[in-house]
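Chains, contacts and geometry: an overview
The lines below spell out each chain.
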Amino acid sequence: MIDIVLDLGGVLLNHNMPECIRRFKLILGDNYPRLGLTVSGEGTDLDLMHQYEAGMVTTDYFIAQIIAWGKPGTTESDVRQAWLAMHDSIPLRRLEHIRHLRKMGYKLYLLSNNNEMHWQSTTQRYGLPVSFADNSFV
């Protein structure tokens, strides 16, 4: 039997970088460049975004740093909403295709380098198992 490894961010799940950027610019104002967020999602090794995506800093640190850089009144909820705006949705046609592959007997695995906030949000939103090795995916 053939095993299929699926990627989550930017492959199954659409990215909405312009909306994420728009929200962070509102929060950070002139401090926005410090985040390192670009339309391509690529920053430098020194950028906070890259450090978070690479697992070099915790979610709590990431949020606290943005609040510290943010405009007065910026909340944890503001930061989470801005960050989660990066992930848009999984199109229905992709979900249907995955269901079809499972019905055909393929073993499906999800492999992703998503950060903690994106992973938790996506697994909850789509009911994906946290441990995914050929569990009931969609």
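Residues numbered from 1 in each chain as written. Predicted model: local features only at pLDDT ≥ 70, side-chain atom pairs only at ≥ 80, totals over all residues. Heavy atoms only, no water.

Some details on helix α6 (residues 92–103)
In plain terms, the rule: Segments assigned H or I by DSSP are reported as helices when at least four residues long, segments assigned E as strands when at least two residues long, and all are numbered from the N terminus. Given a helix with a known number of residues, its expected span is that number minus one, times 1.5 Å. Think of it in three bands: with a 1.4 Å probe and only protein chains considered, a residue is buried below 20% of the maximum accessible area for its type, exposed above 50%, and partly exposed in between. Each direction from the helix axis to a C-beta atom contributes to the arc, which is the arc of those directions. Contact definition: two residues touch when any of their heavy atoms are within 4.5 Å.
The end-to-end C-alpha separation of α6 is 16 Å, in line with the 16 Å expected for 12 residues at 1.5 Å each. Taken together, the buried positions of α6 are L95, I98 and L101. Along the axis of α6, the buried residues cluster in a sector spanning 120 degrees; they form a single face. Those residues of α6 that are exposed and angled more than 90 degrees off the buried face are L92, R93 and K103. Packing partners of the buried residues in α6 comprise β1 (3–7) and β2 (107–111).

Regarding the nonpolar core
Using the following cut-off: Residue types Ala, Val, Leu, Ile, Met, Phe, Trp, Tyr and Cys, when buried and joined through side-chain atoms within 4.5 Å, form a set referred to as a nonpolar core.
Core analysis: the biggest nonpolar cluster contains 22 residues, and F24, L28, L35, L37, F62, I66 and W83 have the highest contact counts within it. Going through the elements one at a time, α1 (17–28), α2 (32–35), α3 (48–53), α4 (59–69) and α5 (76–84) are the ones with two or more residues in this core. The contacts of L28, once residues within four sequence positions are left out, are L35, I66, W69 and G70. Core analysis: the next-biggest nonpolar cluster, separate from the first, contains 11 residues, I90, L95, L101 and L108 among them.

Digging into the pattern of salt bridges
To keep it simple, the criterion reads: The salt bridge definition used is simple: a Lys or Arg side-chain nitrogen within 4 Å of an Asp or Glu carboxyl oxygen.
With the rule as written, the count across this model stands at 3 salt bridges. Linking R22 and E19 is a salt bridge whose minimum nitrogen-to-oxygen distance equals 2.8 Å. On the criterion of helical spacing, the pair formed by R22 and E19 is a turn pair, its members being 3 residues apart in helix α1. Across the pair E19 and R23 runs a salt bridge whose closest N-O atoms are separated by 2.7 Å. One end of the pair is E19 and the other is R23, both in helix α1 and 4 residues apart, which spans about a single turn. Take R23: its relative accessible area is 28%, and that puts it in the partly exposed class. Several salt bridges converge on common partners, so that one network encompasses E19, R22 and R23.

A look at the packing of α4 against α5
Operational definition: Helix axes are fitted to C-alpha atoms over the stretch in contact, other axes to C-alpha atoms as well, and angles between N-to-C directions run from 0 to 180 degrees. Should an angle lie under 35 degrees it is considered roughly parallel, over 145 roughly antiparallel, and from 65 to 115 roughly perpendicular; all remaining angles are considered oblique. Each residue receives one of three labels: charged for Asp, Glu, Lys and Arg, nonpolar for Ala, Val, Leu, Ile, Met, Phe, Trp, Tyr, Cys and Pro, and polar for the others, Gly being one of them.
Following both chains from N to C, one finds α4 and α5 inclined at 110 degrees, their axes separated by 9 Å at the closest point. In terms of orientation, α4 and α5 fall into the roughly perpendicular class. Across the interface between the two elements, T59, F62, I63, I66 and I67 of α4 pack against E76, V79, R80 and W83 of α5. Class assignment of the residues belonging to the contact of α4 with α5 gives a composition of 6 nonpolar, 1 polar and 2 charged.

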